[in-house]
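Each chain, written out:
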Amino acid sequence: MGIQAAPADDSAARWDLSIVITAASLEPSRDVPMPTPHIAAVDDAFAEAVLLHQAKPDKKAAWRRAIELLRLVGVPDPAERVKQYPHEFSGGMRQRAMIAMALANDPAVLIADEPTTALDVTVQAQILELIERIKGEYQIGVILITHDLGVIADVAQTVMVMYAGRAMELGARHEVFGKPLHPYTKALMSAVPIPDPVVEDTRERILLAGDLPSAANPPSGCRFRTRCPWAQPTKCASDRPPLVESRPNHLVACHWVDEIEAGTLRPHAVEAELVRPDDELEIPTLS
Ligand code: SF4
């Protein structure tokens, strides 16, 4: 799937990708003193999104499309609201307007980057419901980028866990959430609170030391090695682990996934101290 140029006959145009970014991006920049001449009313922002991709730009048609899409995403009184500026919209309405704009060119895939950031929980639920509805009605794929595990648990079918720009784990949501295999995913899951005090008191937490490495100068080998409790000084530092199928339809990028799962490599142990299954059973012989 790639980004395609629109065909000359725009009536047949179906753009492959469209991006929804966080609604805050419609807000005026704090670095620019008010009044800010670059702030566009919602109809102008829409017109720009639509007209840029049309061989024969038609402003009236773009305006009608804006009203139709604002109505579709649940913006009340769209013929009036379309003339307003983004700062006149609430956070949730701004996000709806962003989604409407992303749909303007009939994409096959919608990339929603942190679409629920800075929204309260009730509005967050409405936006997720809207994305779900649009997915069905428009028959489009949605790639949701978020740091919020609750959102992923709610809507995702397939999950890819990324760290420092690399894919660490990929699988069906129930697999990745139910049986995380990569050390980073394990640490993420262990940080999610469980509303059961008994389970919460007894379960193991994986605490990661240090900070995210610099993207400009990432660690060699495995990018997670500077924070991974299972990191080994040899392979983890020298070889980049490929993302491979470790279990059926469950891909992991870790050299030691099998040893970690079997419990033969323990946190903060080195390769030389790998626990052999019969170590504990060894019976000293009497001479
Ligand atoms: S490859 Fe090494 S550093 Fe990376 S996640 Fe696996 S054990 Fe940790």
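Basis of the calculations
Residues numbered from 1 in each chain as written. Predicted model: local features only at pLDDT ≥ 70, side-chain atom pairs only at ≥ 80, totals over all residues. Helix = DSSP H or I, 4+ residues; strand = E, 2+ residues; numbered from the N terminus. Contact = placed C-beta atoms within 7 Å. pLDDT = per-residue confidence, 0-100. Near = placed C-beta within 6 Å. Nonpolar A, V, L, I, M, F, W, Y, C, P; charged D, E, K, R; others polar. Pairing = 2+ DSSP bridges. Axes fitted to C-alpha atoms, helices over the stretch in contact; angles between N-to-C directions. Buried ≥ 20, exposed ≤ 12 C-beta atoms within 10 Å, placed from the backbone. Expected span 1.5 Å × (residues − 1). Core = buried A, V, L, I, M, F, W, Y, C linked by C-beta atoms within 7 Å. Parallel < 35°, antiparallel > 145°, perpendicular 65-115°, else oblique. Left-handed = near helix turned anticlockwise from the far one by under 90°.

## Some words on the overall build of the protein chain
- If you tally the helices and strands in the protein chain, you get 11 helices and seven strands.
- Across the protein chain, the fraction of contacts at a sequence separation of at least 24, relative to all contacts at a separation of at least 6, is 56%.

## Quick notes on the confidence of the model for the protein chain
- Per-residue pLDDT for the protein chain has a mean of 82; in total, 80% of the residues score no lower than 70.
- Element-level pLDDT for the protein chain is lowest in strand 1 (residues 17-20), with a mean of 66, against a maximum mean of 98 in strand 7 (residues 250-252).
- Low pLDDT, under 50, characterises residues 280-287; the predicted model gives this stretch zero contacts beyond four residues in sequence or across chains.

## Regarding the site of the ligand
- Near the ligand you find 13 residues, and of these Cys 222, Arg 225, Cys 228, Cys 236 and Cys 254 are the closest.
- Among the residues making up the shell around the ligand, the classes are represented as 10 nonpolar, two polar and one charged.

## Here we look at the sheet that holds strand 7
- Ordered in space as 4-5-7-6, the four strands form an open sheet in which the pairing is antiparallel. Bordering the open sheet on either side are strand 4 (158-163) and strand 6 (244-247), each of which pairs with just one other strand. With strand direction ignored, the average angle separating the axes of adjacent strands in the sheet is 30°.

## Some remarks on the environment of Ala 216
- For Ala 216, the position within the fold is in the loop between helix 9 (197-202) and helix 10 (235-238).
- Ala 216 sits in the exposed class, given 5 other C-beta atoms within 10 Å.
- Each C-alpha atom, one on Ala 216 and one on Ala 164, is 10.0 Å from the other, the two residues being 52 residues apart in sequence.

## What about helix 4 (residues 91-103)?
- Taking 1.5 Å per residue, 13 residues should reach 18 Å; helix 4 reaches 19 Å between its end C-alpha atoms and fits that length.
- Where burial is concerned, most of helix 4 is hidden: 13 out of the 13 residues are buried.

## A word on the nonpolar core
- Within the largest apolar cluster, 28 residues are counted, with the highest numbers of intra-cluster contacts made by Phe 46, Leu 69, Leu 70, Ala 97, Ala 100 and Met 101.
- Elements supplying a minimum of two residues to this core: helix 1 (42-51), helix 2 (59-72), helix 4, strand 2 (109-113) and helix 5 (121-138).
- Per element, the largest residue contribution to this core is eight residues, and it comes from helix 4.
- Excluding its chain neighbours within four sequence positions, the residues that come into contact with Ala 100 are Leu 69, Leu 70, Leu 72 and Val 73.
- Ranked by size, the runner-up nonpolar core spans 21 residues in total, among them Cys 228, Ala 231, Cys 236 and Ile 260.

## A few points about the environment of Gln 126
- By the element assignment, Gln 126 lies in helix 5.
- The sequence separation of Gln 126 and Thr 116 amounts to 10 residues, and the corresponding C-alpha distance is 9.6 Å.

## Quick notes on the packing of helix 2 against helix 4
- Running from N to C, helix 2 and helix 4 cross one another at 125°; their axes reach a closest spacing of 9 Å. By the angle class used here, helix 2 and helix 4 are oblique. Judged by the twist between their axes, the crossing of helix 2 over helix 4 is right-handed. Where helix 2 abuts helix 4, its residues Leu 69, Leu 70 and Leu 72 lie against Ala 97, Ala 100 and Leu 103.
- Class assignment of the residues belonging to the contact of helix 2 with helix 4 gives a composition of six nonpolar, no polar and no charged.

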